[in-house]
Amino acid sequence: MEIDGGDRISGERPIIMVTNDDGIDAPGLRSLVRVLVSTNLYDVRVCAPDSEKSAVSHSIIWSRPLTANRVEIDGATAYSVDGTPADCTGLGLSEALFPSRPDLVLSGINVGSNCGYNIVYSGTVAGAREAFLYDVPSASISYDFDWKRGEMNANDFALSAQACLPIINGILSAIKNKTHPMQCFLNIDLPTDIANHKGYKLTRQGKSMGKMGWRQVEEKAQGPKMLSTMTMDTESGVVSSDNDTSAHAGKDSRLFKREVYR
């Protein structure tokens with residue numbers, strides 16, 4: 001499927017906005033943007049978190065203003081935002097940051113698959129879902145990185161982005177022809193061996209879910225703190241954010257870390 005680069009859906013070239021949950025410097029996002037720009041078919045914009053925001057689901061930040069900083073990415077107009085993926089999509093669609101809405105929002109390419117009920121937790125999927133809520137066509141994209149092997153090749157993301165081009169062009173063609181369904185958004189999962197993929201298949205969202213559990217850890221193994229802990233003054237209705245949970249720690253305080261069983 002091909003798009004005429006000189007006949008944009010709503011003017012010139014189709015506008016594609018890219019976001020993610022791995023952060024604006026993540027190799028998946030950078031590879032996707034690089035491939036989109038290289039086609040010279042799209043006006044590419046980026047509005048993505050300034051740091052890792054995996055598994056924040058569809059959370060948004062109410063308690064403070066968000067800062068958007070211009071980031072230099074060749075061929076694209078890009079901003080990093082100190083918010084969640086849903087925040088980034090919402091800001092990018094608002095016309096407060098960019099002069100117009102995009103024709104399509106892409107969220108990814110995520111490191112790791114997003115299948116079944118796990119999409120509930122996914123910030124990547126939330127980035128696309130937020131666009132859907134605003135009636136803007138969207139798709140989340142995830143690459144099924146080989147966790148067992150524990151190796152990640154940057155070229156895998158480039159191949160993943162190239163493999164998505166027929167889908168992206170198909171979506172844009174359907175939008176132009178007014179045949180794209182507006183009651184859904186796409187969640188695209190790419191196989192580990194992307195170089196030898198067997199084609200494309202449209203299916204329904206699955207119901208599988210990875211098994212998760214908890215284990216007690218020492219303080220030094222705590223890892224990064226939560227994105228935010230919000231409290232509300234019930235009398236004033238004011239929401240405040242407090243990342244320091246140490247004030248609530250008692251003598252019998254213990255630390256627990258979530259685990260995914262593979």
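For the structure itself, consult the block above.
Presented here is a report on the structure given in the accompanying data block. Being a predicted model, the structure only gives us computed values, none of them experimental.

Running from N to C, helix H2 (residues 85-93) and helix H3 (residues 123-133) cross one another at 30 degrees; their axes reach a closest spacing of 8 Å. Considering their axes alone, H2 and H3 lie roughly parallel with respect to each other. The element H2 and its partner H3 pack so that their crossing is right-handed. Here Pro85, Ala86, Thr89, Gly90 and Leu93 of H2 come into contact with H3, specifically with Gly123, Gly127, Glu130 and Ala131. Residues that form the contact of H2 with H3 fall into these classes: 4 nonpolar, 4 polar and 1 charged.

Here we come to unusual backbone geometry. With omega at 5 degrees, the peptide bond leading from glycine 108 into isoleucine 109 counts as cis. Note that isoleucine 109 resides in strand E5 (residues 104-111). Positive phi outside glycine occurs at asparagine 40, with the angle close to 60 degrees. With respect to the helices and strands, asparagine 40 occurs in the loop between helix H1 (27-39) and strand E2 (43-49).

Following the sequence through the fold, leucine 255 ends up in strand E11 (residues 255-261). The class of leucine 255 is partly exposed, set by a relative accessible area of 25%. When the C-alpha positions of leucine 255 and glutamate 218 are compared, they lie 6.7 Å apart, and in sequence the two are 37 residues distant.

This paragraph deals with the state of the cysteines. Taken as a whole, this structure holds 0 disulfides when the rule is applied. Counting only cysteine sulfurs, cysteine 88 is the nearest neighbor of cysteine 47, a cysteine outside any disulfide, at a range of 4.7 Å.

Mapped onto the secondary structure, threonine 89 falls in helix H2. For the pair formed by threonine 89 and leucine 106, sequence separation is 17 residues and the distance between their alpha carbons is 9.6 Å. Those residues in contact with threonine 89 that sit more than four places away from it in its chain are Met17, Thr19, Val105, Gly127, Glu130 and Ala131.

This part is about the sheet that holds strand E3 (residues 68-73). On the basis of which strands lie adjacent, the open sheet formed by 7 strands has the order E3-E4-E2-E1-E5-E6-E7 and mixed pairing. The outermost strands of the open sheet, each flanked by one partner alone, are E3 and strand E7 (186-190). In this sheet, neighbouring strand axes are inclined to one another by 25 degrees on average, regardless of whether the strands run parallel or antiparallel. Looking at chain direction, E2 and strand E4 (residues 76-81) are connected through 6 bridges and run parallel. Across the sheet, residue arginine 45 finds its bridge partner in E4, namely threonine 77.

What counts, and at which threshold
Residues numbered from 1 in each chain as written. Predicted model: local features only at pLDDT ≥ 70, side-chain atom pairs only at ≥ 80, totals over all residues. Heavy atoms only, no water. Axes fitted to C-alpha atoms, helices over the stretch in contact; angles between N-to-C directions. Helix = DSSP H or I, 4+ residues; strand = E, 2+ residues; numbered from the N terminus. Parallel < 35°, antiparallel > 145°, perpendicular 65-115°, else oblique. Left-handed = near helix turned anticlockwise from the far one by under 90°. Contact = heavy atoms within 4.5 Å. Nonpolar A, V, L, I, M, F, W, Y, C, P; charged D, E, K, R; others polar. Buried < 20%, exposed > 50% of the residue type's maximum accessible area, 1.4 Å probe, protein only. Disulfide = S-S within 2.5 Å. Pairing = 2+ DSSP bridges.

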